[in-house]
Amino acid sequence: MIKLFSLKQQKKDGETAPKTGNQKKPSAAQLRITKDINELNLPKTCNTEFPDPDDLLTFKLIICPDEGFYRGGRFSFSFKVGPNYPHEPPKVKCETPVYHPNIDLEGNVCLNILREDWKPVLTINSIVYGLQYLFLEPNPEDPLNKEAAEVLQNNRRLFEQNVQKAMRGGYVGSVYFERCLK
Amino acid sequence: MDKMGSGEGPDNLQYRWCHLRKVLERTGPFCHPDFEPSPDNLNFLMESCKLLVIGAGGLGCELMKDLALMGFKDIHVIDMDTIELSNLNRQFLFRRRDIGQSKAEVAAKFISTRIPGCHVTPHFSKIQDFDETFYRSFHIVISGLDSIVARRWINGMLISLLSYKDGVLDQSSLIPLIDGGTEGFKGNARVILPGITACIECTLDLFPPQVTYPLCTIANTPRLPEHCIEYVKVIQWSKENPWDVPIDGDDPQHINWIYEKAMERAVQFGIQGITYRLVQGVVKNIIPAVASTNAVVAAACATEVFKLATSCCVPLDNYMVFNDVDGIYTYTYQAERKEDCLACSQVPTTVDIPGPEAKLEDLITVLCESPKFLMKSPGLTATIDGKNRTLYMPTVASIEEKTRVNLKKSLNELGLEDGSQLMVADSTSPNTLIIILKFASPPDFEME
Ligand SMILES: [Zn+2]
């Protein structure tokens, strides 16, 4: 064990301390997000957009599924990474109106790792894969859009037609969807 | 304004410190091996040792009282909060007439007045408002915080004060952090020697994650009153946005709105148990505070401060958990340092660069070719004039495009100088590295 104050008779004024310059030190969140972003390994259906390259905490993810119900669509998600990252997950919202059992019309996304199952070892990449999976395998068991979930469960043909209708731009029931085909 | 212990009054009475003298002026079987009994120990504690207490809430009040009664005379306290009625049951330095005033200021005045000789300096501000020079002036920092963000910040700050000579830690740059935390009937006290023992970031997994419920449960199958409140908080607020602002947990109007909407939803699903207090608790993430837990944890922390300041005894190694839910339980263990800790494993590495006229691409070449680094495709960021800047990031197309122009710019043009720090992320390392630019000495200074 070290003995901390062997020089303890002296008062601390700060001027005896080594000069390291008064630079703002990067926060742990900043260090971690820099790593996450630099190591992004996106599937070919995904792309990121950084409106301000100096701000790695705010960006968009664009997913263009090439198979499944949502093939041919283009869906944009906003990511906001807070100062408590990676202790807390980033806030993710879907900005494209989509007919999907796990995404509601306000853009809230039901993906376990975005909330209750988030762990600091997960990365931005894990979320990208999770979101991509939602388009390949929409899950009617955990619905956020209950109507869409019921249709998917009872009539896959109708669900497929509704998804197509929504992506082309039009009404599904009483809800209007903007066109989001590529 | 303040009356100082100027050598008169009870301080001079022999008996006030006689118990401390017994501990500090004699040796004993439990003493630290390096302990030298001497009147100097008490003298240092009272006359030189400068402490910083972060947080003047439940733990902070206890800490300040304990430390002041132990003989520490130079205590600073930071807190950005003001006193609320609900604090008064346990934050005993405050009275009803103090409601609305700064916790730090009222607490400082109370201790300075009540305990002869002790002077507490208040700072009614955020910890982030102070820089290195401020934090470097303390011998020991003690935190009694309820926020993980603030803990991580002070942890990062104390680690950034460490200086290394040839990769070896200079122990005189080390400022210990004694961290106390409580949640209801549970608490912990820990001793962090930055750069030596496990830091806050090393043990981030130990902090309980915020209670969250699956979104789909909240949206479709609520069973608990909390589900209804979360629904209003997460979904309904942004949809209806009654005041066009984010939720402010301290605004009674906001809490009332959430309360009413949550009630409607609870009725709809036949759920009982929504109360105004519960709404407040869920929205603000309040965990009920227990005065006795605070007292025990603060006492454990203060004892560690005493041990470190006097070297009279081996300090806690390094994490004590306390639980008085059912009887009393304590357990101490050695939390382990994480080898790849984002905060404390960071020993900045210097990179030799010819001078300020070198281009960013030259620096990248050095990082890729120097045997010290051998990186593959490093991404570089820096803090320049207080702002985060992305200098170059090859792996993300939209960033690469916008930062490509920087490659041909000189370090000087980019605002980088001798001693500047850069963050470098690369697939060859599990963490972002911090590098320090070292320019070769200009020819003028080479002849001595
Ligand atoms: Zn650490």
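Residues numbered from 1 in each chain as written. Chains lettered and ligands numbered in written order. Predicted model: local features only at pLDDT ≥ 70, side-chain atom pairs only at ≥ 80, totals over all residues. Heavy atoms only, no water.

- The name given to chain B in an unreviewed UniProt entry is NEDD8-activating enzyme E1 catalytic subunit, with the source organism recorded as Cryptotermes secundus.
- Within the UniProt record for chain B, the comment given under Catalytic activity (unreviewed entry) is "ATP + [NEDD8 protein] + [E1 NEDD8-activating enzyme]-L-cysteine = AMP + diphosphate + [E1 NEDD8-activating enzyme]-S-[NEDD8 protein]-yl-L-cysteine."
- Listed in UniProt under the heading Pathway (unreviewed entry), the comment for chain B reads: "Protein modification; protein neddylation." (UniProt positions renumbered as here; feature names shortened; annotations may be inferred.)

- As recorded by an unreviewed UniProt entry, chain A carries the name E2 NEDD8-conjugating enzyme and is attributed to Cryptotermes secundus.
- The Sequence similarities (unreviewed entry) comment attached to chain A in UniProt states, word for word, "Belongs to the ubiquitin-conjugating enzyme family."
- What the UniProt record of chain A gives under Catalytic activity (unreviewed entry) is the line "[E1 NEDD8-activating enzyme]-S-[NEDD8 protein]-yl-L-cysteine + [E2 NEDD8-conjugating enzyme]-L-cysteine = [E1 NEDD8-activating enzyme]-L-cysteine + [E2 NEDD8-conjugating enzyme]-S-[NEDD8-protein]-yl-L-cysteine."

1. Some details on the interface of chain B and chain A
Here is step 1 of the chain: On the chain A side, the residues contacting the 85 residues of chain B number 58 residues.
Here is step 2 of the chain: Buried surface at the junction of chain B and chain A, both sides included, amounts to about 6100 Å², of which 56% is carbon and sulfur.
Here is step 3 of the chain: If you look at where chain B meets chain A, you find 3 salt bridges.
Here is step 4 of the chain: Asp54(A) serves as the salt-bridge partner of Arg389(B), at 3.3 Å between the closest nitrogen and oxygen. (Contact = heavy atoms within 4.5 Å. Buried area = accessible area lost by both parts, 1.4 Å probe. Salt bridge = Lys/Arg side-chain N within 4 Å of Asp/Glu carboxyl O.)

2. Topic: the coordination of the zinc ion
In an ideal octahedron of six donors the angles at the metal are 90 or 180 degrees, and in an ideal tetrahedron of four donors they are 109.5 degrees.
Residue and element names in this part refer to chain B.
Here is step 1 of the chain: Within the first shell, the zinc ion binds the protein through Cys-199 (SG), Cys-202 (SG), Cys-341 (SG) and Cys-344 (SG), at distances of 2.2 to 2.3 Å.
Here is step 2 of the chain: Between the 4 donor atoms coordinating the zinc ion, the angles at the centre fall across 98 to 118°, so the site counts as tetrahedral.
Here is step 3 of the chain: Each donor residue of the zinc ion lies on the same chain, and together they follow the pattern C-x2-C-x138-C-x2-C. Cys-202 carries the same exposure label as Cys-199, and that label is buried. (Donors = N, O, S within 2.8 Å, 3.2 Å for Na, K, Ca; no water. Tetrahedral: all angles 85-135°; square planar, octahedral: opposite > 155°, others 65-115°. Buried < 20%, exposed > 50% of the residue type's maximum accessible area, 1.4 Å probe, protein only.)

3. A short note on the sheet that holds strand S9 (residues 319-323) of chain B
Residues and elements named next belong to chain B.
Here is step 1 of the chain: Taken in spatial order, the 8 strands line up as S3-S2-S1-S4-S7-S8-S9-S10 in an open sheet, and their pairing is mixed. On the outer flanks of this sheet lie strand S3 (119-123) and strand S10 (329-333), each paired with one strand and no other. In this sheet, neighbouring strand axes are inclined to one another by 15° on average, regardless of whether the strands run parallel or antiparallel.
Here is step 2 of the chain: Sheet topology note: the strand S8 (residues 186-192)/S9 ladder contains 5 bridges and is antiparallel. Bridging from a neighbouring strand, Arg-190 pairs with Tyr-319 of S9.
Here is step 3 of the chain: Contacting strand S1 (50-54), strand S4 (140-144), strand S7 (177-183) and S8, helix H6 (residues 148-160) runs over the sheet at an angle of about 170° to S7.
Here is step 4 of the chain: Packed on one face of the sheet, helix H11 (residues 291-310) meets S1, S4, S7, S8 and S9 and runs near 170° to S7. (Pairing = 2+ DSSP bridges. Helix = DSSP H or I, 4+ residues; strand = E, 2+ residues; numbered from the N terminus. Axes fitted to C-alpha atoms, helices over the stretch in contact; angles between N-to-C directions.)

4. As for the UniProt feature "active site" (unreviewed entry) in chain A
Here is step 1 of the chain: When the UniProt feature table is mapped to this numbering, "active site" (unreviewed entry) covers Cys110(A).
Here is step 2 of the chain: Checked against the element boundaries, Cys110(A) lands in the loop between strand S4 (91-94) and helix H2 (124-136).
Here is step 3 of the chain: The buried category is assigned to Cys110(A), whose relative accessible area is 10%.
Here is step 4 of the chain: Apart from the residues within four sequence positions on either side, Cys110(A) is in contact with Asn102(A), Leu134(A), Asp142(A), Leu144(A), Leu215(B) and Cys216(B).

5. A look at the pairing of strand S1 (residues 46-49) of chain A
Residue and element names in this part refer to chain A.
Here is step 1 of the chain: By the alternation rule, side chains of S1 split into Cys-46 and Thr-48, which are all buried, and Asn-47 and Glu-49, of which none is buried.
Here is step 2 of the chain: As paired elements, S1 and strand S2 (residues 58-63) share 4 bridges and run antiparallel to each other. Within the sheet, the bridge partner assigned to Cys-46 lies in S2 and is Ile-63.

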